[in-house]
Amino acid sequence: MNVLIVEDEKALTNELEIFLSNSNYICDVCFNGASASEKIATNLYDFILIDLGLPDYDGLDLLKEAKKYNPEAACIILTARAEVNDRIKGLDLGADDYLPKPFSLLELQSRMQAIMRRKFGLKHSVVMLGNFVIDLTNRTISYNNTPIGTITKKEFDLVAYMLLHKNRTLTRSQLSEHIWGSVVNDDYDSNYIDAHIKNIRKKLNVYSSPDWLETVRGLGYRININH
Amino acid sequence: MKLGTKLTLFNTISKVVIVVLFVLLLPTLIRDINQSYTDNWLRHQKDKVLKIVSGPGINNYIQNGEGYGSYNALLKEEYVSLDVDSLNENIDTIINENRLVEGDTIQYRILSHNFKVGKQNYILEIGKSIDTINETTTPLQNIALEILLGMILLTILADQVYSTYVLRPLGLIIKTKLIGHKFPNHTPYKKVKTSTTDFEYLDISIHKMIQTIENTFQKEREFISNASHELMTPISILQSKIENMFEEEDMPDETKVRLIEMQKILNRLKSITKTLLLISQIENEQFLKEDSISLSELIHEVYEEISIRLQEKEINCEIDIPAEWRLNHVNKFLLFNLFFNLINNAIKYNKEHGEIKITGHTDNKFFLVAIADTGIGISAERVPHIFNRFKKFTQSLQQDSFGLGLPIVKSIADFHHIRIEVTSEPGSGTTFKLIFPADLITAQF
């Protein structure tokens with residue numbers, strides 16, 4: 001997968017590149033709009049990440065160019081200027097997603113994967129975990145063909161997110177940002193993730209012990225899948 | 001009291017005082033006028049008599065020392081008498097005196113005058129009865145009074161009309177510039193029409209002051225908006241760096257634990273910045289109000305989001321909102337956050353096994369939603385400050401919040417013209433009552 005990162009903040013570009021390269025993406029970077037415009041016109045990408053706040057270029061113009069020369073590429077807007085209108089404009093111009101800064105790298109990756117799933121029409125995405133079957137399309141967890149009805153929406157979200165980033169330890173901050181990211185509230189240090197995980201374990205234990213769901217002491221949680 | 005009312009009152013009172021003074025003075029005044037008129041008349045009569053007498057000679061009237069007298073026989077209003085005066089005096093007076101006429105004692109105003117013909121001294125008396133004089137007094141008084149009252153009424157009316165006219169610009173300034181003014185104001189400055197320079201000055205001064213306030217507000221909002229936007233990029237860089245470092249394979253676990261601590265602190269910074277940004281976006285009216293949602297569904301969505309927190313504290317939450325209530329022309333994202341923060345507070349400041357009741361009812365034209373908890377409560381002197389930014393009261397909860405939850409609630413409520421009333425009983429609980437304007441909710445299935 002080829003990714004073009006257009007971001008004038010070098011330190012951030014650098015981190016994006018490290019992270020995406022580790023996740024097996026091939027990265028190309030631009031620090032300004034002019035060179036990005038050139039690259040968009042000459043190369044083909046699967047993903048184009050565009051920062052709207054470029055010093056020399058209107059990010060939305062870049063988006064139009066991308067749609068013209070790189071119609072296959074999925075465009076994700078990254079911006080610190082989270083103006084409500086920008087978001088609407090960006091999505092109207094054909095951006096596939098919109099990620100306001102600051103964002104978690106894991107969140108970026110999960111958005112990219114979601115776009116790929118949509119694009120390639122992965123109709124039924126099912127994962128086997130021990131004796132449990134996680135159906136990511138219908139959002140159910142079942143055991144021996146019996147769906148476990150007690151799992152709530154939030155609990156499923158957590159399992160799905162960990163599954164997406166399997167074999168990777170996710171911190172409580174990363175998990176709560178994913179499931180409560182849209183809520184703007186007063187708390188910054190809620191450990192309600194522990195309560196959720198406890199509930200998930202309790203509900204699954206009725207059927208079988210979910211050994212694949214690991215608590216990494218002091219760090220967070222992870223789902224292990226051995227290939 | 002309004003200036004117009006004060007002026008009217010003063011006008012009326014001052015005129016009433018003038019009327020009363022005049023009414024008190026009027027009898028004396030009229031009497032004096034009457035008297036001087038009578039005296040003039042008497043003198044005139046005297047001159048006439050003297051002229052008559054000097055013609056045919058005094059002896060035509062006085063014969064054998066017998067005096068001449070003439071009066072209106074029936075009414076005894078006037079009399080003239082001419083007599084020989086034995087005393088050698090020189091009287092020329094006008095006084096009030098009683099005279100006995102045909103058995104009646106009548107008070108007269110009498111002119112007495114001595115004159116000489118040859119060596120003989122004569123006395124002339126002309127009298128007019130006081131009653132006759134006074135006869136004209138009363139009608140005169142009445143006429144004067146009527147004219148006076150009429151004029152006073154006319155001036156009061158004129159004053160009233162003029163002061164209303166002249167004060168109208170002031171009323172307009174108060175109505176449009178002070179009472180009707182809302183922050184932020186997007187309507188352009190409209191001059192109040194007036195020819196009174198004081199009002200012109202007042203109008204322009206108020207306008208300038210409001211502009212100064214608006215500018216300050218605007219600057220503060222812009223500052224918060226810019227500052228929080230500018231902070232987003234560095235926070236984003238730090239967050240990415242921490243996440244990448246956390247993934248590095250040779251990173252020892254102790255270092256990872258410290259990275260998590262950094263992540264938590266960064267989250268705190270992120271939350272504060274995001275919250276400030278949200279408040280400034282609401283205040284700059286960047287959100288649309290185009291959603292139409294069921295209130296009950298919205299609250300149940302919040303409930304689902306927050307239920308883990310209820311479970312943790314084993315708090316029982318009852319929701320009783322009429323299913324047919326629909327919110328129109330609202331922003332769902334913002335209202336979700338409003339209820340999330342209110343219910344979250346109700347959990348945070350509640351005791352274990354406590355209760356939360358979310359109820360809806362109508363009161364006249366308004367729809368009320370009350371969120372009542374059984375928590376620690378807020379003391380009366382703190383209630384007015386709970387919506388201030390960064391205001392925190394409970395020290396023990398300092399670790400979990402930074403005092404922006406209720407300011408978010410307040411700005412979202414203001415944005416939707418929802419009023420908030422807070423009643424609290426320290427130790428037994430707090431109730432937040434949201435009063436929705438009638439056009440925001442419809443009760444339809």
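Residues numbered from 1 in each chain as written. Chains lettered and ligands numbered in written order. Predicted model: local features only at pLDDT ≥ 70, side-chain atom pairs only at ≥ 80, totals over all residues. Heavy atoms only, no water.

Some words on the domain arrangement of chain B
Logical step 1: By the assigned domains, chain B splits into domain 1 (3–138), domain 2 (197–283) and domain 3 (291–443).
Logical step 2: Once you take the C-alpha centre of each, domain 1 of chain B and domain 2 of chain B turn out to be 101 Å apart. (Domains from an automatic or database assignment.)

Observations regarding the nonpolar core
Logical step 1: Counting 54 residues, the largest nonpolar core has Phe339 and Phe436 of chain B as its most contacted members.
Logical step 2: The element best represented in this core is helix 7 (residues 332–348) of chain B, accounting for 10 residues.
Logical step 3: There are two domains that each give this core at least three residues, and those are domain 2 (197–283) and domain 3 (291–443) of chain B.
Logical step 4: With 52 residues, the next largest nonpolar core counts Met112, Ile193 and Ile200 of chain A together with Ile308 of chain B among its residues. (Core = buried A, V, L, I, M, F, W, Y, C linked by side-chain atoms within 4.5 Å. Buried < 20%, exposed > 50% of the residue type's maximum accessible area, 1.4 Å probe, protein only. Helix = DSSP H or I, 4+ residues; strand = E, 2+ residues; numbered from the N terminus.)

Here we look at helix 5 (residues 105–119) of chain A
Quick reminder: α-helices carry 3.6 residues per turn. Residues three or four places apart thus point the same way.
All names here are of chain A.
Logical step 1: Relative to the 21 Å expected for 15 residues at 1.5 Å per residue, helix 5 spans 21 Å between its end C-alpha atoms, a close match to the ideal helical length.
Logical step 2: All of the buried residues in helix 5 are Leu105, Leu106, Glu107, Leu108, Gln109, Ser110, Met112, Ile115 and Met116.
Logical step 3: Looking one or two residues past helix 5, Gly121 carries a phi angle of roughly 55°, positive in sign. (Expected span 1.5 Å × (residues − 1).)

Quick notes on unusual backbone geometry
Logical step 1: Put simply, Lys101 of chain A and Pro102 of chain A share a cis peptide bond, and its omega is 0°.
Logical step 2: Its place among the elements puts Pro102 of chain A in the loop between strand 5 (97–100) and helix 5.
Logical step 3: One non-glycine residue, His353 of chain B, adopts positive backbone phi at about 60°.
Logical step 4: Mapped onto the elements, His353 of chain B comes out in the loop between helix 7 and strand 9 (355–363).
Logical step 5: A relative accessible area of 56% places His353 of chain B in the exposed class.

Overview of the packing of aromatic side chains
Logical step 1: Tallying each qualifying case throughout the model produces 11 aromatic pairs over all chains.
Logical step 2: Relative to Phe47 of chain A, the ring of Tyr25 of chain A lies with its centre 6.2 Å away and its plane at 80°, an arrangement referred to as edge-to-face. Residue Tyr25 of chain A is located in the loop between helix 1 (10–22) and strand 2 (26–30), and its partner Phe47 of chain A is located in strand 3 (residues 47–51); the two are separated by 22 residues in the primary sequence.
Logical step 3: A ring pair is formed by Phe132 of chain A and Tyr143 of chain A, whose centres lie 5.1 Å apart and whose planes are at 55°; its orientation type is tilted. Of this pair, Phe132 of chain A sits in strand 7 (residues 132–135) while Tyr143 of chain A sits in strand 8 (residues 140–143), placing them 11 residues apart in sequence. Summarising the burial analysis for this pair, Phe132 of chain A and Tyr143 of chain A share the class buried.
Logical step 4: Ring pairs connect the aromatic residues Phe132, Tyr143, Tyr207 and Trp212 of chain A, which therefore count as one cluster.
Logical step 5: Its guanidinium or amino end placed over the ring of Phe246 of chain B, Lys256 of chain B lies 5.3 Å from that ring's centre, counting from NZ or CZ.
Logical step 6: Sitting above the plane of the Phe387 of chain B ring, Lys410 of chain B keeps its charged end 5.9 Å from the centroid. (Phe/Tyr/Trp six-rings, centres within 6.5 Å; stacked < 30°, edge-to-face > 60°. Lys NZ or Arg CZ within 6 Å of the ring centre and 35° of its normal.)

Some points on the packing of helix 5 (residues 253–283) of chain B against helix 8 (residues 405–415) of chain B
All names here are of chain B.
Logical step 1: Closest axis-to-axis distance for the helix 5/helix 8 pair is 9 Å, and the angle between their directions is 15°. Considering the angle they form, helix 5 stands roughly parallel to helix 8. Judged by the twist between their axes, the crossing of helix 5 over helix 8 is left-handed. Facing Thr275, Leu278, Ile279 and Ile282 of helix 5, the residues of helix 8 in contact are Pro407, Ile408, Ser411, Ile412 and Phe415.
Logical step 2: Classifying every residue of the contact of helix 5 with helix 8 by side-chain character gives 7 nonpolar, 2 polar and no charged. (Axes fitted to C-alpha atoms, helices over the stretch in contact; angles between N-to-C directions. Parallel < 35°, antiparallel > 145°, perpendicular 65-115°, else oblique. Left-handed = near helix turned anticlockwise from the far one by under 90°. Contact = heavy atoms within 4.5 Å. Nonpolar A, V, L, I, M, F, W, Y, C, P; charged D, E, K, R; others polar.)

Notes on the sheet that holds strand 2 of chain A
All names here are of chain A.
Logical step 1: On the basis of which strands lie adjacent, the open sheet formed by 5 strands has the order 2-1-3-4-5 and parallel pairing. The strands lining the two open edges of the sheet, one partner per strand, are strand 2 and strand 5. On average, adjacent strands in this sheet sit at an angle of 20° to one another, irrespective of strand direction.
Logical step 2: Here strand 3 runs beside strand 4 (residues 74–79); their pairing, made up of 5 bridges, is parallel. Along strand 4, the bridge assignment pairs Ile50 with Ile77. (Pairing = 2+ DSSP bridges.)

Notes on the domain arrangement of chain A
Residue and element names in this part refer to chain A.
Logical step 1: Segmentation of chain A into domains returns domain 1 (2–119) and domain 2 (126–223).
Logical step 2: Once you take the C-alpha centre of each, domain 1 and domain 2 turn out to be 29 Å apart.
Logical step 3: Between domain 1 and domain 2, roughly 760 Å² of surface is buried when both sides are summed, and carbon and sulfur atoms account for 52% of that area.
Logical step 4: At the boundary of domain 1 and domain 2, one finds 0 salt bridges. (Buried area = accessible area lost by both parts, 1.4 Å probe. Salt bridge = Lys/Arg side-chain N within 4 Å of Asp/Glu carboxyl O.)

Observations regarding the pattern of salt bridges
Residue and element names in this part refer to chain A.
Logical step 1: Counted by the stated rule, this structure contains 25 salt bridges over all chains.
Logical step 2: Its salt-bridge partner being Asp28, residue Lys39 comes within 3.1 Å of it at the nearest N-O pair. Highlighted residues: Lys39 in helix 2 (residues 33–42) and Asp28 in strand 2, separated in sequence by 11 residues.
Logical step 3: By relative accessible area, which is 22% here, Asp28 ends up partly exposed.
Logical step 4: Of the charged contacts, one joins Lys67 and Asp96 as a salt bridge, the two residues approaching to 3.9 Å between their closest N and O atoms. Placement of Lys67 in helix 3 (residues 59–69) and of Asp96 in the loop between helix 4 (84–92) and strand 5 is noted, with a sequence separation of 29 residues between them.
Logical step 5: The exposure class assigned to Lys67 is partly exposed, which follows from its relative accessible area of 28%.
Logical step 6: Within the structure, one salt-bridge network assembled from shared partners comprises Glu7, Asp51 and Lys101.

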